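Residues per chain, in single letters:
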Amino acid sequence: LAAHLSLSLAECPGTGSAQAGRAAACQGCPNQGLCAAGAAGPDPAEAAELRARLRAVRHTVLVLSGKGGVGKSTFSALLAHGLAADETKQVALLDIDICGPSIPKMMGLEGEQVHQSGSGWSPVYVEENLGVMSVGFLLSSPDDAVIWRGPKKNGLIKQFLRDVDWGEVDYLIVDTPPGTSDEHLSIVQYLSATHIDGAVIVTTPQEVSLQDVRKEINFCRKVKLPIIGVVENMSGFVCPKCKNESQIFPPTTGGAEKMCQNLSVSLLGKVPLDPQIGKSCDRGQSFLAEAPESPATLSYRNIIQRIQEYCEQHHFQEEKIM
């Protein structure tokens, strides 16, 4: 069984293949049904609906991680805050971590409710130019558990994309759960009706995290999702008193930098540990605004600038092709 499973994973045709869900390697895969049903893209009527709703979204960035606990949602929240610091830009943050929706807490929106208008669900706004949508807004209590099977999760993700009135948006940031499962297949499938600029993958330096990031990179390549780059989070800790640097998570195999070199992926930057980041997230405040001189803030700003440059270049190349 182990040999068969290993062979199946190695020979996965990818969701974009005509053989998706039908190849011999697909037998026994938990996502076989979803792929066979058309994970390469939504049906034409559904695609038209999604295009109509998302036609005014200029850039879409997915934030992924192979493993939980590496700071992916924190990165998504601060990426949204950083982009929205430019008041001329309209930013939307979509939380599709259905079972662990932490974005409402991090954005200071806990207890808020979704409102419906004639044009659809309205996002919950942090600022005039920063809107958020999450399943957390649909729960009666932040302690409620979402105990759903895959199809119900997929249906909600589709509803978020189709029924939320995002309006004119420069950047749509999608915070995903860890791994490479239903939610990831669904978001790539539904957004294939429009466009995705690419994915940012968040990791920590130790091998136990990098091992899962390699799987995430392989997933992106299988589903033809462009990789903007990798962010190494919690990359060392500089003592604020003695200024000595400690490696809390030692990069025993060379960290994200070595991995990116081996896999020909861009390293967007390294973010050092700063206890203030966790405190700011717990209070629902932007760490970038609360600690503007922190080395972590400077690192975030450099990474955000690189993501913006990538998106603009990607948009320019798409326009040339059209």
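Counting of residues starts from 1 at the beginning of each chain's written sequence and follows it residue by residue. Where local features are concerned, this predicted model is filtered to residues with pLDDT of at least 70; where side-chain atom pairs are given and counted, the filter is 80 or more; whole-chain, interface and lining totals use all residues. Computation of side-chain values: all heavy atoms of the structure, hydrogens and water removed.

### A few points about the pattern of salt bridges
Argument step 1. Between Lys or Arg on one side and Asp or Glu on the other, a salt bridge is scored when a side-chain nitrogen of the former is within 4 Å of a carboxyl oxygen of the latter. Per the stated rule, a full pass over the model turns up twelve salt bridges.
Argument step 2. Between Glu183 and Lys153 there is a salt bridge, with the nearest N and O atoms lying 3.3 Å from each other. With Glu183 in helix H7 (residues 182–191) and Lys153 in helix H6 (residues 150–163), this pair connects stretches of sequence that are 30 residues apart.
Argument step 3. Only protein chains enter the accessibility calculation, which uses a 1.4 Å probe; a residue whose area is less than 20% of its type maximum is buried, one above 50% is exposed, and one in between is partly exposed. Lys153 sits in the buried class, given a relative accessible area of 14%. Each helix is a run of DSSP H or I of at least 4 residues and each strand a run of E of at least 2, with the numbering of both proceeding from the N terminus.

### Observations concerning unusual backbone geometry
Argument step 1. You will see that Met234, though not glycine, has its phi angle at about 55°, which is positive.
Argument step 2. Under the relative-accessibility criterion, Met234 is labelled buried at 17%.
Argument step 3. Its identity as a non-glycine residue notwithstanding, Ser264 has a phi of 55°, on the positive side.
Argument step 4. Within the fold, Ser264 resides in the loop between helix H9 (255–263) and strand S12 (267–270).

### Considerations on the pairing of strand S7 (residues 169–175)
Argument step 1. For S7, the buried fraction is high: seven of the seven residues fall into the buried class.
Argument step 2. For two strands to pair, DSSP has to find at least two bridges joining them. In this sheet, S7 lies alongside strand S1 (residues 57–64) in parallel orientation, the contact comprising six bridges. Looking at the pairing, Val61 lines up with Ile173 of S7.
Argument step 3. In this sheet, S7 lies alongside strand S2 (residues 91–95) in parallel orientation, the contact comprising five bridges.

### Focus: the confidence of the model for the protein
Low-pLDDT portions of the prediction should not be read for the details of their coordinates.
Argument step 1. Per-residue confidence from the predictor is reported as pLDDT, which spans 0 to 100. Per-chain confidence: the protein averages 88 in pLDDT, with 87% of residues scoring 70 or above.
Argument step 2. Any two residues whose heavy atoms approach within 4.5 Å are treated as being in contact. Note on residues 1–9: pLDDT is under 50 here. Beyond four places in sequence and across chains, it has three contacts.

### Description of helix H8 (residues 207–222)
Argument step 1. Each helix should span, by expectation, one fewer than its residue count multiplied by 1.5 Å. With 16 residues, H8 extends 23 Å from end C-alpha to end C-alpha; this agrees with the ideal 22 Å at 1.5 Å per step.
Argument step 2. Looking at H8, one finds that the buried residues are Ser209, Leu210, Asp212, Val213, Glu216, Ile217, Phe219 and Cys220. Along the axis of H8, the buried positions cluster into a sector of 160°, meaning they face one direction only.
Argument step 3. Where H8 is buried, its residues contact S1, H7, strand S8 (198–203), strand S9 (227–232) and H9.
Argument step 4. Backbone geometry just after H8 places Lys224 at a positive phi near 60°. The arc in question is the one spanned by the directions pointing from the helix axis to the C-beta atoms.

### Section: the sheet that holds S1
Argument step 1. Here eight strands make up an open sheet; going across it, the order is S5-S6-S2-S7-S1-S8-S9-S12 and the pairing mixed. Each end of this open sheet is capped by a strand with a single partner; those strands are strand S5 (124–127) and S12. Sheet twist, expressed as the average angle between the axes of neighbouring strands with direction ignored, equals 20°.
Argument step 2. Axis lines are fitted through C-alpha atoms, for helices just across the contact stretch, and the angle between N-to-C directions can take any value from 0 to 180 degrees. Where H8 meets the sheet, its contacts fall on S1, S8 and S9, and the angle it forms with S8 comes to roughly 170°.

### Some points on the environment of Phe137
Argument step 1. Among the structural elements, Phe137 can be located in the loop between strand S6 (130–134) and H6.
Argument step 2. The buried category is assigned to Phe137, whose relative accessible area is 1%.
Argument step 3. Each C-alpha atom of the pair Phe137 and Pro123 lies 9.8 Å from the other, and the pair is 14 residues apart in sequence.
Argument step 4. In this view, Phe137 contacts Pro104, Leu109, Glu112, Gln113, Val114, Val124 and Val132; residues no more than four positions away in its chain are not counted.

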